[in-house]
Amino acid sequence: MTTILITGGAGFIGSNFTRYILQKYPDYKAVVYDKLTYAGNLDNLKDVAQAYPDRYAFIHGDICDAEKVEETIKAYGVELLVNFAAESHVDRSLFEPGSFIQTDIFGTYVLLEAARKLGVSRMVQVSTDEVYGSIEKGSFKESDPLNPSSPYSASKAGGDLMCLAYYKTWGVPVMITRGSNTFGPYQYPEKVIPLFITNAIDNQPLPLYGDGMNVRDWLYVLDHCEAIDLVLHEGKPGEIYNVGAGNELTNLELTRLILKILRKPESLIRFVEDRPGHDRRYSLDCTKIKALGWQPRHKFEEALEETVRWYVENQWWWRKIKSGQYMEFYRKQYEKRLATGKPFNS
Ligand code: NAD
Ligand code: TYD
């Protein structure tokens, strides 16, 4: 048995990755280590716990807690480590940057230090295209300089640099993936796709920031998981791999597609006050990971339809989330914006 430690495995991409790994490798044991912040949710792993009682374990812990991290690695004989744990929402990073610096930089350092001391065989740091900042034309290569705009992306960039430092200084076998905007089942409904799908189901307004012309490159979560798996097993230590599917859409195009799939009216769209520091466009050159053998296998529109269907059919999952603490954030972020928002006239 090979043991893989999946930090942040109770979140969106981490839970999809855990399910994917256990399905693909019958001789792997997965240990999810997660703090269960507002975004961590054991409902995301309910089916996994049932399907793999002998090959799945959950540890409730913080990646900033060095003692507990080391104890877990030793107790389970961890050989592989994939770090998904992060504060991950740009808008929240504008309200409270401190927790982003703590988890995304300091927490990454704690994991690297444990990997160095205890000799973990291979580690992947799951990072983001946002570390490069915005690009008007063309696409970023892995060798391009970092130019993050938000406290979120600056913290992720700090985590990336710490990984490279641990590789260069001590040879810690760590690879970095920089994925683009990801979507699919179990994504917390603060991110634009699940927020807009669930709001539209309830005939609530969809708050589009600014002019709706910002561009994101959308990646289906299972394609993202396959890329991380490939880099974990075949990537070269110390290297960075961009992961994007080339599905570039303006936010307005994306919103209209979601409404079309749900057969909801475009009158639900509201143009609202922009996000400060809002990056205009993200775009990645993915030649390097394609040369390693990856390519996206899901067509964007089909994957989006599949995702919409999942939220329609799994209201038990998101209705529990969209109450209490979530509504507090929603009011803080959107109440004033929606009150002064403008409707869409096509
Ligand atoms: P998420 O917010 O859904 O999940 C993050 C998980 O990390 C949660 O389960 C949370 O409880 C856990 N966590 C947070 N702080 C922790 C700590 N201190 N110790 C242990 N666990 C902690 O995020 P996601 O969308 O699944 O993103 C996962 C990773 O992928 C992040 O590192 C993010 O930067 C990166 N990424 C995300 C996207 C995207 O579009 N969602 C794209 C590219 C890269
Ligand atoms: P988001 O899902 O927050 O991801 P990121 O900021 O990491 O790219 O946002 C995706 C895009 O959607 C981004 O350009 C901001 C925009 N957006 C809105 O227009 N309205 C919203 O309510 C949210 C959450 C995002």
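Refer to the structure above for everything that follows.
The following refers to the structure shown. Just so you know, these numbers come straight off a predicted model, no measurement behind them. (Residues numbered from 1 in each chain as written. Chains lettered and ligands numbered in written order. Predicted model: local features only at pLDDT ≥ 70, side-chain atom pairs only at ≥ 80, totals over all residues. Heavy atoms only, no water.)

## A closer look at the overall build of the protein chain
Then step 1. Within the protein chain, the secondary structure is distributed over 13 helices and 14 strands.
Then step 2. For 346 residues, the compact-globule formula gives about 20 Å, and the C-alpha radius of gyration of the protein chain, at 19 Å, lands near that figure.
Then step 3. Projected onto the principal axes, the alpha-carbon positions of the protein chain cover approximately 60 × 45 × 35 Å.
Then step 4. Contacts spanning at least 24 positions in sequence make up 85% of the contacts within the protein chain whose residues lie at least 6 apart. (Helix = DSSP H or I, 4+ residues; strand = E, 2+ residues; numbered from the N terminus. Rg over C-alpha atoms; globule rule 2.2 N^0.38 Å. Contact = heavy atoms within 4.5 Å.)

## A look at the site of ligand 1
Then step 1. In the vicinity of ligand 1 lie 30 residues, with Ile13, Asp34, Ser88, Tyr152 and Lys156 positioned nearest.
Then step 2. In the model, a nitrogen atom of ligand 1 is placed 3.0 Å from a nitrogen or oxygen of the Thr103 side chain.
Then step 3. In isolation ligand 1 offers 840 Å² of accessible surface; the protein chains occlude 97% of this area.
Then step 4. The set of elements that each furnish at least two residues to the shell around ligand 1 consists of α1 (12-24), β5 (122-128) and α6 (151-170).
Then step 5. Ranked by residue count, the leading element in the shell around ligand 1 is β5, at three residues.
Then step 6. In terms of residue class, the shell around ligand 1 is made up of eleven nonpolar, 15 polar and four charged. (Near = heavy atom within 4 Å. Polar contact = N/O pair within 3.5 Å; in protein donor to acceptor, adjacent residues only side chain to side chain. Areas by Shrake-Rupley, 256 points an atom, 1.4 Å probe, with all protein chains shown as cover. Nonpolar A, V, L, I, M, F, W, Y, C, P; charged D, E, K, R; others polar.)

## Considerations on the pattern of salt bridges
Then step 1. Following the criterion strictly, the structure yields 20 salt bridges and no others.
Then step 2. Two residues, Asp43 and Lys320, come together in a salt bridge whose shortest N-O distance is 2.8 Å. Taken as a pair, Asp43 in the loop between β2 (28-34) and α2 (46-51) and Lys320 in helix α12 (residues 315-321) lie far apart in primary sequence, 277 residues in all.
Then step 3. Note that Glu190 is salt-bridged to Lys191, the shortest N-O span being 3.2 Å.
Then step 4. Several salt bridges converge on common partners, so that one network encompasses Arg92, Glu190 and Lys191. (Salt bridge = Lys/Arg side-chain N within 4 Å of Asp/Glu carboxyl O.)

## Here's the deal with the sheet that holds strand β14 (residues 342-343)
Then step 1. Read across the open sheet, the three strands follow the order β8-β13-β14; overall the sheet is mixed. Where the open sheet ends on each side, the last strands, each with one partner, are β8 (206-209) and β14.
Then step 2. Pairing between β8 and strand β13 (residues 269-272): four bridges, direction parallel. Looking across to β13, one finds that Tyr209 is bridged to Val272.
Then step 3. Strands in contact with helix α13 (residues 325-339) are β8 and β13; relative to β8, the strand with the most contacts, it is inclined by about 85 degrees. (Pairing = 2+ DSSP bridges. Axes fitted to C-alpha atoms, helices over the stretch in contact; angles between N-to-C directions.)

## Focus: the site of ligand 2
Then step 1. Contacts to ligand 2 come from 20 residues, most closely from Glu130, Pro207, Arg275, His278 and Tyr334.
Then step 2. Between ligand 2 and Arg216 there is a distance of 2.8 Å, counted from an oxygen atom to a side-chain nitrogen or oxygen.
Then step 3. Here Tyr334 contributes a side-chain N or O atom positioned 2.6 Å from an oxygen atom of ligand 2.
Then step 4. The fraction of the free accessible surface of ligand 2 (510 Å²) that becomes covered by protein chains is 97%.
Then step 5. Going through the elements one at a time, α4 (90-95), α7 (192-201) and β8 are the ones with two or more residues in the shell around ligand 2.
Then step 6. Looking at side-chain class alone, the shell around ligand 2 contains nine nonpolar, five polar and six charged residues.

## Details of helix α11 (residues 300-313)
Then step 1. Here α11 spans 20 Å end to end across 14 residues, near enough to the 20 Å set by a 1.5 Å rise per residue.
Then step 2. In this fold, the buried residues of α11 make contact with β7 (182-183), α7, β10 (219-220), β12 (248-250), α9 (251-262) and α12. (Expected span 1.5 Å × (residues − 1).)

## Concerning the environment of Pro26
Then step 1. Here Pro26 lies in the loop between α1 and β2.
Then step 2. We classify Pro26 as exposed; its relative accessible area is 59%.
Then step 3. With 195 residues separating them in the primary sequence, Pro26 and Val221 have C-alpha atoms 21 Å apart.
Then step 4. With sequence-adjacent residues up to four places away left out, Pro26 is seen in contact with Met1 and Arg55. (Buried < 20%, exposed > 50% of the residue type's maximum accessible area, 1.4 Å probe, protein only.)

## Quick notes on α7
Then step 1. Counting buried positions along α7 gives nine out of ten residues, so the element sits mostly inside the fold.
Then step 2. Considered for burial, the residues of α7 that qualify are Ile193, Pro194, Leu195, Phe196, Ile197, Thr198, Asn199, Ala200 and Ile201.
Then step 3. The positive-phi residue at the C-terminal boundary of α7 is Asn203, with phi of around 55 degrees.

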